[in-house]
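# Structural features, examined
Each chain, letter by letter, is given below.
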Amino acid sequence: MESYRSEEEQVEALKRWWKENGRSTMIGVVLALGLGFGWQAWQKNQDVAAQNASNLYQQMLQALSAEEGQTSTIGRQIATELKDSHRGTVYAQFAALHLARLAVNDGQPALAEQELRWVLAMADAQDDVHQVAQLRLARVLASQDKQDEALTILQGATTNFVASYALARGDILLSQGRESDALAAYESAAAALEEGAPVPQTLQDKLEYLGARLQATVAEAG
């Protein structure tokens, strides 16, 4: 009889617990299951979207390669679709970089600037894509007689791009006739190269040319 009462008491205790906590427990279970299934569905959608973006990017590259030297209409259309439909992916950023290159080739620096600023707005500041877009934007701005703005942009180089940024600074400074500053920038570019890496011939030519010019200037002044 005592055993029966204990079981009965246990049942009553369970009933009371369920009355007090059962609803919140069920809600928690439902939410947990919903979140689990929701996460899986979201992950699957992300994977599908990434694959679609990758496929579009490959199609764009093929189209641009096939249309090289022509109007590149199909390639541009695919690049624009990538930007519109997959703006959160790196593929969209790559597409905008290609559109900027095409705009420069077409003699449309303002359009190139627009595409590059779009990349800068989308990419993380520490990513290589951001650094490349910033470097190209500086050169595009310089071509539009915005040298001071370009030089300001080129102050933000990360470790991997110090040499490239210094080279671009040198080119812009040289275009302004600031030969001494340009030489210093070129020397910084050479110094920033990886240890043992050869100095590119174009950079070497600029170093030698400016070095000789400045020496001649000093000799004439003396």
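Please refer to the structure placed before this passage.
Given the structure is predicted, the values throughout are model-derived calculations rather than measurements.

### Structural notes on the layout of surface pockets
Considered as a void within the structure, the largest pocket measures approximately 190 Å³ in volume. Val 104, Leu 116, Arg 136, Arg 139 and Val 140 are the residues nearest the centre of the largest pocket, which is lined by 13 residues in total. Taken together, the elements giving at least two residues each to the lining of the largest pocket come down to helix 3 (90-105), helix 4 (109-122) and helix 5 (128-143). If you tally residues by element for the lining of the largest pocket, the top one is helix 5, at five residues.

### Focus: the pattern of salt bridges
Within this structure, the stated rule accounts for nine salt bridges. When the shortest N-O distance is used, the salt bridge between Lys 83 and Glu 115 registers 2.7 Å. Placement of Lys 83 in helix 2 (residues 73-85) and of Glu 115 in helix 4 is noted, with a sequence separation of 32 residues between them. Grouping residues by exposure puts Lys 83 and Glu 115 together as buried. Across the pair Glu 113 and Lys 146 runs a salt bridge whose closest N-O atoms are separated by 3.5 Å. With Glu 113 in helix 4 and Lys 146 in the loop between helix 5 and helix 6 (147-153), this pair connects stretches of sequence that are 33 residues apart.

### Overview of helix 4
With 14 residues, helix 4 should reach 20 Å at 1.5 Å per residue; the first-to-last C-alpha distance of 20 Å fits that figure. Of all the residues in helix 4, the buried ones are Ala 112, Glu 113, Glu 115, Leu 116, Trp 118, Val 119 and Leu 120. Contacts made by the buried residues of helix 4 are with helix 2, helix 3 and helix 5.

### Points about the side chain of Gln 131
Tracing the backbone through its elements, the reader meets Gln 131 in helix 5. Other than its neighbours up to four places away in sequence, Gln 131 contacts Ala 125, Gly 156, Ala 157, Thr 158, Phe 161 and Tyr 165.

### Observations regarding the packing of aromatic side chains
Under the definition given, this model contains three aromatic pairs. Look at Tyr 57 and Tyr 91: their rings are 5.7 Å apart centre to centre, the planes differ by 50°, and that puts the pair in the tilted class. With Tyr 57 in helix 1 (residues 2-66) and Tyr 91 in helix 3, this residue pair connects regions lying 34 residues apart in the sequence. Where Phe 161 meets Tyr 165, the ring centres are 6.4 Å apart and the plane angle is 65°; that geometry is what we call edge-to-face. Of the residues examined, Phe 161 reaches a relative accessible area of 12% and is grouped as buried. Tyr 165 sits in the buried class, given a relative accessible area of 0%. Put simply, the rings of Tyr 57, Tyr 91 and Phe 94 pair up and form one aromatic cluster. We note Lys 83 situated over the ring of Trp 118; from NZ or CZ to the ring centre the distance is 4.8 Å.

Parameters and conventions
- Residue numbers run consecutively from 1 along every chain, following the written order of its sequence.
- At least 70 in pLDDT is required for a residue's local features to be given in this predicted model, at least 80 for side-chain atom pairs to be given and counted, and no such filter applies to totals for whole chains, interfaces and linings, which use all residues.
- To obtain the side-chain values, all non-hydrogen atoms of the structure were included, while hydrogens and water were left out.
- As defined here, a cavity is a set of points on a 1 Å grid over the protein atoms alone where a 1.4 Å probe fits but cannot get out. A pocket is an open set with protein on both sides within 12 Å along at least five of seven lines, and residues line them when an atom is within 4 Å of a point.
- Grid points are joined across faces, edges and corners, and a volume is the space filled by probe spheres set on the points.
- Put simply, DSSP H or I for four residues or longer makes a helix, DSSP E for two residues or longer makes a strand, and each gets a number counted from the N terminus.
- The rule for a salt bridge is simple: a side-chain nitrogen of Lys or Arg has to be within 4 Å of a carboxyl oxygen of Asp or Glu.
- Relative accessible area decides the class of each residue, using a 1.4 Å probe on protein chains only: under 20% of the type maximum gives buried, over 50% gives exposed, and in between gives partly exposed.
- By this rule the span expected of a helix is its residue count minus one, scaled by 1.5 Å.
- What makes two residues a contact is simply this: any of their non-hydrogen atoms within 4.5 Å.
- Side-chain rings of Phe, Tyr and Trp (the six-membered ring for Trp) are treated as a pair once their centres are within 6.5 Å; stacked means planes under 30 degrees apart, edge-to-face means over 60, and tilted covers the remaining angles.
- By definition here, charges over rings are those cases where NZ of Lys or CZ of Arg is within 6 Å of the ring centre and within 35 degrees of the ring normal.

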